[in-house]
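These are the residues of each chain, in order.
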Amino acid sequence: MKKLILLVAAIALGTFALSAQSITKEDKDRAKALVGKMTLEEKIDYIGGFDGFYIRGIERLGIPQIRMADGPQGVRNNTKSTLFACGVASAATWNEEAMKEMGVGLGQDARARGVHILLGPGVNIYRSPLCGRNFEYMGEDPYLAARAAVNYIKGVQSQGVMATIKHFALNNQEYDRHHVSSDVDERTINEIYFPTFRAAVTEAKVGSVMTSYNLINGVHAAENPWLIRTNLKEAWGFQGFVMSDWTSTYTTLGCIRGGLDLEMPQAFQMNAEAIKPLIEAGIVEESEIDEKVQNILQALIAFGFLDRPQLDKNISEDNEYSRKIAYKLSCESAVLLKNEGALPLKSGKKNTIVLMGPNADVIPCGGGSGRVDPIHSTSLAEGMKSLGKNYVTKLYKDGKPDANTLKKAAAVIVSVGFDKTCEKENSDRTFTLPAGQDELIEYACQHSDKVIVVIYAGGAIDMSRWQDKVSAILMGWYPGQEGGQAIANILAGKVNPSGKLPMTFEKTLEDNPTYRFYYPVEARTKRGMSCKTAFYGEGLFVGYRGYERNGVEPAYPFGHGLSYTSFEYMASNTIKSGDGYDVVFTVMNTGKYDGAEVSEIYVGEKNPCVVRPAKELKGFAKTFIPKGKAAKVTVHLPKSAFEYYDVKSHSWTLNPGYFTIYIGSSSADIRLTEEVLM
Ligand code: BGC
């Protein structure tokens, strides 16, 4: 009997999962019938949110109130819940399965709280380390970000919860975000800034899209018909609904005509007072309002929200599955940037380890709407303590130990970085660490030759003052509630690090390809608004694409990450498969530890007819390989992996000819190459 109940429950869950993937004709017809029963007042009311995070219910029509919650790395808003590793950390795992499991965990946590719509993932491309929201996003490469987003969305939506991809589009800086126009050419938008959103729509069937605060080529995103109608709805076939970011709307007609469906958190522009006179004057048709209500309702119906309670009491708010996945993500996302023999830590009762720095006894998290309060968490200090007597750790919460204690220590761990007060939305952050942290590391280096730096941040920081002096650097991102345990286990060698950088770390800020273009240069007026312009002058050459073109050597390249073991690549081959190629090769674990290797596949065109980056990431695989063993790895490259966006035909195009396939351990550590004809 128990088995039967479980089976029925599994089938029911499977049905949600299936129905959440696409909006059917039946869903549309049912939504249309409901729209037909609504008064004009009800319809206008319906397209504006209320009480911060809700869509109104209409009891007489059986339409329930819909609850939303942030956000990318945990369910927020008046609740405590699992704090997962942040978005950029999930990309740093390069593990599609883990990305999806994070989505499943988030979906379960949402169901446990009756949340219908999760306001994540955030996927804006990392252009510069300064953007205050980089920690929520998924790095500098559109292919990697798309894989992370697609898996996250599929995971969330498999649990009967709608995901929301944000912030559409080009919200790549937080500086003065309401007033800066991101001015970008068509090809760059399509090759760099759109692919993650497009994959979320076409492949993951995301239920809703949130627009961004900024303007795009002079028009605010929430009111931009080229963005919402021409691209999202017409070209990519998006059938869900588009909501504004919180207070990012500016004119009533702009919202109506631009294609926005739902104004959040409330109807500042799309309210009865503003809309009714426009309808009476014949400027706006009632059918334009119907279209928005239809888009919202058909998506809610497809997700089953009109037919079942969203609260699932069978899932504990303190969800064991989510906790397990949060730990897995923390372990797999940490990136070992440098290791000159300091790690793993040597164990032994006489080996005292000194732990110091502002982030040693807290679990740091980025701030703003991405901040989540966990039910429980483990700091690095607690994680180190759990390792037992063979890792005697002295903890210096504030201040620093005297010189003698440092000198005697077997190793000194300095835990530095940002937190919710200084890395967050609505402002940018500094490239340098917060005041006093560089000095703390330098002090440690003066007294110990085994200094290990653990960094919590959403992206690159200035390491120039101490990078050469320290023995090891571990990038922990914002690792989530289990982060302290995961990092302690990595430091002790119980877990072998396997994360790789989803962005390039520059030596100096001036080296970043966007350096001259990041801050707005000019003010101008369009459609009655004054705004500033950030001209994306680096074009396609963001991140490693730019470093390679400019011949600038970074501190740590895109895709870099060390392991305690070593991997050798051999025996590559390409086999025609479908409309593209399978790339096949063997990776051998030649070191002393079991470990996982991320193999990265880049494609470069030999004789392009337009300017193209030297090579671009188009595939990857993460493979766990026991020490002494080898694994055969296959990565498929479809035809689309070889195409570029042609501005004449406004479409992705293949220029037939030869392409080089680079198989590497990072973007700068290419182990094998192949040549193929397309
Ligand atoms: C953020 C969104 C978030 C919303 C609701 C806004 O400030 O930009 O990402 O979902 O607030 O918290």
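Predicted model, so just to flag it, every value in this text is computed and none were measured.

What counts and what doesn't
Residues numbered from 1 in each chain as written. Predicted model: local features only at pLDDT ≥ 70, side-chain atom pairs only at ≥ 80, totals over all residues. Heavy atoms only, no water. Helix = DSSP H or I, 4+ residues; strand = E, 2+ residues; numbered from the N terminus. Rg over C-alpha atoms; globule rule 2.2 N^0.38 Å. Buried < 20%, exposed > 50% of the residue type's maximum accessible area, 1.4 Å probe, protein only. Contact = heavy atoms within 4.5 Å. Areas by Shrake-Rupley, 256 points an atom, 1.4 Å probe, with all protein chains shown as cover. Lys, Arg positive; Asp, Glu negative; His and termini not counted. Charge placed at Lys NZ, Arg CZ, Asp CG, Glu CD. Salt bridge = Lys/Arg side-chain N within 4 Å of Asp/Glu carboxyl O. Near = heavy atom within 4 Å. Polar contact = N/O pair within 3.5 Å; in protein donor to acceptor, adjacent residues only side chain to side chain. Pairing = 2+ DSSP bridges. Axes fitted to C-alpha atoms, helices over the stretch in contact; angles between N-to-C directions. Core = buried A, V, L, I, M, F, W, Y, C linked by side-chain atoms within 4.5 Å. Phe/Tyr/Trp six-rings, centres within 6.5 Å; stacked < 30°, edge-to-face > 60°. Lys NZ or Arg CZ within 6 Å of the ring centre and 35° of its normal. pLDDT = per-residue confidence, 0-100. Expected span 1.5 Å × (residues − 1).

> Any details on the overall build of the protein? Residues and values, ideally.
Counting its regular elements, the protein contains 18 helices and 26 strands. Its C-alpha atoms give the protein a radius of gyration of 25 Å, within 12% of the compact-globule value 26 Å for 678 residues. When the backbone C-alpha atoms are referred to their principal axes, the protein occupies close to 80 × 60 × 60 Å. Expressed as a percentage of its 678 residues, the buried residues of the protein come to 63%. In the protein, 77% of the contacts between residues at least 6 apart in sequence involve partners at least 24 apart. Element-wise, carbon and sulfur atoms account for 51% of the exposed surface of the protein, whose accessible area totals about 24,800 Å². In the protein, which carries 76 positive and 78 negative side-chain charges, the distance between the mean positions of the two groups comes to 6 Å.

> Account for the pattern of salt bridges, with residues named and values stated.
For the structure on display, the rule yields 41 salt bridges. Between Glu605 and Arg612 there is a salt bridge whose closest N-O contact spans 2.6 Å.

> Mind laying out the site of the ligand, listing which residues take part and the relevant values?
Looking at the ligand, there are 14 residues lining it, with Asp70, Arg133, His167, Asp245 and Glu425 nearest. At a separation of 2.9 Å, an oxygen atom of the ligand approaches a polar side-chain atom of Lys166. A distance of 2.6 Å separates an oxygen atom of the ligand from a polar side-chain atom of Asp245. When the free accessible area of the ligand is taken as 310 Å², the share hidden by the protein chains comes to 93%.

> Help me get a handle on the sheet that holds strand S13 (residues 411–417), residues and values and all.
Taken in spatial order, the six strands line up as S10-S15-S14-S13-S11-S12 in an open sheet, and their pairing is mixed. The strands lining the two open edges of the sheet, one partner per strand, are strand S10 (335–339) and strand S12 (393–396). For this sheet the average axis-to-axis angle between neighbouring strands, irrespective of direction, equals 15 degrees. As paired strands, S10 and strand S15 (residues 472–475) are joined by four bridges and run antiparallel to one another. The residue bridging Val335 from the neighbouring strand is Met475, located in S15. Most of the contacts of helix H16 (residues 437–447) go to S13, to which it runs at about 170 degrees, and overall it touches strand S11 (353–356), S13 and strand S14 (451–456).

> Describe in detail the nonpolar core, supporting the description with residues and values.
Counting residues in each nonpolar core, the largest one holds 187 residues, and the members touching the most others are Ile117, Trp477 and Leu491. In terms of residue count, the dominant contributor to this core is helix H6 (residues 142–157) (nine residues). Here Ile117 is in contact with Ile55, Ile66, Arg67, Met68, Ala69, Met162, Thr164, Ser208, Phe241, Met243, Leu300 and Phe305, once residues within four sequence places are set aside. Counting 22 residues, the second largest nonpolar core, distinct from the first, contains Tyr569, Val583, Ala641 and Phe659.

> I'd like a rundown of the packing of aromatic side chains, residues and numbers included.
For any pair of aromatic rings, the description rests on two quantities: the centre-to-centre distance and the angle between the ring planes. In the structure shown here, the tally under the stated rule is 24 aromatic pairs. An aromatic cluster is built from Trp94, Tyr143, Tyr544, Phe558, Tyr602 and Phe620, whose rings are joined through pairwise contacts. If you follow Arg127 out to its NZ or CZ, it ends over the ring of Tyr536, 3.7 Å from the centre. The ring of Tyr602 carries Lys615 above its face, with NZ or CZ at 5.5 Å from the centroid.

> Could you give me a rundown of unusual backbone geometry, with the residues and numbers involved?
The amide bond that connects Lys166 to the next residue, His167, takes the cis arrangement and shows omega of 0 degrees. Along the chain, Phe168 connects to Ala169 via a cis peptide bond; the corresponding omega equals 5 degrees. Structurally, Ala169 can be placed in the loop between strand S4 (162–168) and strand S5 (180–183).

> Mind laying out the environment of Glu191, listing which residues take part and the relevant values?
Mapped onto the elements of the fold, Glu191 is located in helix H7 (residues 186–193). A residue is classified by how much of its surface remains accessible, and Glu191, at 5% relative accessible area, is buried. C-alpha of Glu191 to C-alpha of Glu643: the two residues are 452 residues apart in sequence and 9.8 Å apart in space. At 2.7 Å, the side chain of Glu191 and the side chain of Arg187 are in polar contact. For Glu191, the side chain forms a polar contact with the main-chain nitrogen of Tyr645, separated by 2.8 Å.

> With reference to specific residues and values, describe the confidence of the model for the protein.
Of the residues in the protein, 96% reach a pLDDT of 70 or more, and the chain-wide mean stands at 94. Low pLDDT (under 50) marks residues 1–20, which in the prediction has 12 contacts with non-local residues, meaning those over four places away or in another chain.

> How would you summarise the pairing of strand S22 (residues 630–637) if you had to cite specific residues and measurements?
Walk down a regular strand and you will see the side chains alternate between the two sheet faces. Residues Ala631, Val633, Val635 and Leu637 of S22 are buried on one face, while the alternating residues Ala630, Lys632, Thr634 and His636, pointing to the opposite face, are not. Bridge count between strand S19 (residues 580–589) and S22: eight bridges; the pairing is antiparallel. The residue of S22 that forms the bridge with Val587 is Ala631.

> Could you give an account of helix H12 (residues 286–302), with specific residues and numbers?
Between the first and last C-alpha of H12 there are 24 Å, a value that for 17 residues agrees with the 24 Å anticipated at 1.5 Å per step. Extensive coverage of H12 is indicated by the burial of 13 of its 17 residues. One or two residues past the end of H12 sits Gly304, with phi positive at roughly 85 degrees.

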